[in-house]
Structures are given as structure tokens and as C-alpha cells.
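Reading the structure
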Amino acid sequence: LLALLDETDHVSSAVASLLAQLAVSSSDHDARSRVLGAALDAVDAETPARRANGIKVLEGIASLHRQLLEARDSQGALGAIDSQALGAIDSDRPASDRLHARLCAALLERLGDAELSSRCASAALLSAADPAKVLPRLFALLYDRDDRKRAAAESAFVSVMVGSRD
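What counts, and at which threshold
Residues numbered from 1 in each chain as written. Predicted model: local features only at pLDDT ≥ 70, side-chain atom pairs only at ≥ 80, totals over all residues. Heavy atoms only, no water. Helix = DSSP H or I, 4+ residues; strand = E, 2+ residues; numbered from the N terminus. Buried < 20%, exposed > 50% of the residue type's maximum accessible area, 1.4 Å probe, protein only. Contact = heavy atoms within 4.5 Å. Salt bridge = Lys/Arg side-chain N within 4 Å of Asp/Glu carboxyl O. pLDDT = per-residue confidence, 0-100. Core = buried A, V, L, I, M, F, W, Y, C linked by side-chain atoms within 4.5 Å. Axes fitted to C-alpha atoms, helices over the stretch in contact; angles between N-to-C directions. Parallel < 35°, antiparallel > 145°, perpendicular 65-115°, else oblique. Left-handed = near helix turned anticlockwise from the far one by under 90°. Patch = residues over 30% accessible without salt bridge, like charges linked within 9 Å, V, L, I, M, F, W, Y side chains within 5 Å. Areas by Shrake-Rupley, 256 points an atom, 1.4 Å probe, with all protein chains shown as cover. Expected span 1.5 Å × (residues − 1). Arc of directions from axis to C-beta.

A count of helical and extended segments in the chain gives eight helices and zero strands. Starting at the N terminus, the α and β elements of the chain follow one another as α-α-α-α-α-α-α-α. The buried share among the 166 residues of the chain stands at 40%. Residue pairs in contact within the chain that sit at least 24 positions apart in sequence constitute 60% of those at least 6 positions apart.

Take a look at the structure:
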């Protein structure tokens, strides 16, 4: 399936969606870690198509996770599968923190991407990041010599501030 992330067709979009679903709904921590690792590797790939599809996987994960949290907040109870997925995400806090740090580092790196769509998607995805961990790096990028990186950092800064629950 991961080889299909090199394409720019509907199949690659479906694979990105499937991988996101696997990363969120799997009760197997190793499977989630492998999918996230593959997505992060794709985000750092040399080819624009693979980078874009890696970001699609991360967007799908963020969207599904947000839906699970909203369902939990609005209903007070989730189905067994959804509860299991949220519990699995939160159960291994040190591993989750490492993955979160790796995810933020990859997204911050993409703020300097040559592709505008990658910069915009990365800035938007940073809205789910912990402000205390990502804002210092964003502040530094606001003074970068690269105009594209500065503009993307400004957008990410706004996304983080708007997305923050504090």
C-alpha cells in the first residue's frame, strides 16, 4: 500500500484515507506507530506526490481523531471501537509524546517546502499541536530569511493560536 503513495490519483487518496483509519482505529500500538512512521517518512520524501500523500494521511488522522474527541464530548459515551481507539491513543503517553514531537518536527520542516499546498497543509495541521512545544520554533521561523517559510510560519502561528483550547 505504501508504494501507492507515490501516485497522484484517486487510488493514492483512498490509500491515504485507509492508512489514516488504520492509525486511529487500531488497538495495536505497533501498527499505529508503523503507519505514523510511514506517513512521516512520506512527508519527508523527495517527491512532491509522496509528500502530499503523506500530509493527506496526517490530515486524515487529525480529522478522525478530532471526530472521536467531538463525539466523546457531545455524547459522553462512545461505541466500543471508538473508545478503544481513543484509549489506545492515550494509553502509551511517552510513546505518544515522542510521536507528537516527531510529527511537529516534520510539519515545521514542511513550512519551508517548495509546494504551496504542503506549506498550507502543514500550517493547518499544526493547529492540533501543543502550543508550548511548537510556538517557540514558530517564533524563530517568523524571522527566517526565506519569505515562503516566514509566511507559512505566520499562518501556522494563527492556526495554533486559534486551535488552542487554553
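From this point, the discussion proceeds with the structure in view.
Tallied over the full model, the rule gives six salt bridges. Across the pair R148 and D146 runs a salt bridge whose closest N-O atoms are separated by 3.7 Å. Overall, the relative accessible area of 38% leaves R148 in the partly exposed class. Among the charged side chains, a network of salt bridges with common partners joins D44, R51, R110 and D113.

Scored by pLDDT, the chain has a mean of 81; 82% of the residues are at 70 or more. Taking the mean pLDDT of every element in the chain, the minimum, 47, falls on helix α4 (residues 80-91) and the maximum, 93, on helix α8 (residues 147-163). Counted against residues more than four places away or in other chains, residues 80-90, with its pLDDT under 50, gives 19 contacts.

What follows covers the nonpolar core. Counting residues in each nonpolar core, the largest one holds 37 residues, and the members touching the most others are L58, I61, L111, L126 and L138. Only α1 (10-25), α2 (29-43), α3 (48-75), α5 (93-110), α6 (116-125), α7 (131-141) and α8 provide two or more residues apiece to this core. The contact partners of L58, leaving out residues within four places of it in the chain, are L36, A39, L40, V43, L103, L107 and L125.

Between α6 and α8, the shortest axis-to-axis distance is 7 Å and the interhelical angle comes to 30°. If you check the angle between α6 and α8, you find them roughly parallel. The chirality of how α6 crosses α8 is right-handed. Seen from α6, the contacting residues are R119, A123 and A124; seen from α8, they are R148, A152, S155, A156 and S159.

The subject of this paragraph is the environment of L141. When you line up the elements, L141 lands in helix α7. Looking at L141, the relative accessible area reads 14%, which means it is buried. Separated by 33 residues in the primary sequence, L141 and L108 place their C-alpha atoms 8.9 Å from one another. Leave out the neighbours within four places in its chain, and L141 touches L108, L111, K149, R150 and A153.

The subject of this paragraph is a nonpolar patch on the surface. On the surface, a cluster of nonpolar side chains totalling about 360 Å² of accessible area is made up of L1, L4, V11 and L18. Locating L1 in the fold gives a position in the segment before α1.

Here we come to α1. Counted at 1.5 Å a residue, the expected span for α1 with its 16 residues is 22 Å, and the 22 Å between its end C-alpha atoms agrees. All of the buried residues along α1 are S12, V15, A16, L19, A20, A23 and V24. Buried residues along α1 cover an arc of 165° about the axis, so they all sit on one side.

This paragraph deals with α7. Listing the buried residues of α7 in full gives P131, V134, L135, L138 and L141. Buried residues in α7, looked at end-on, bunch into an arc of 115°, giving them a common side. Pointing more than 90 degrees away from the buried face of α7 are the exposed residues A132 and A140.

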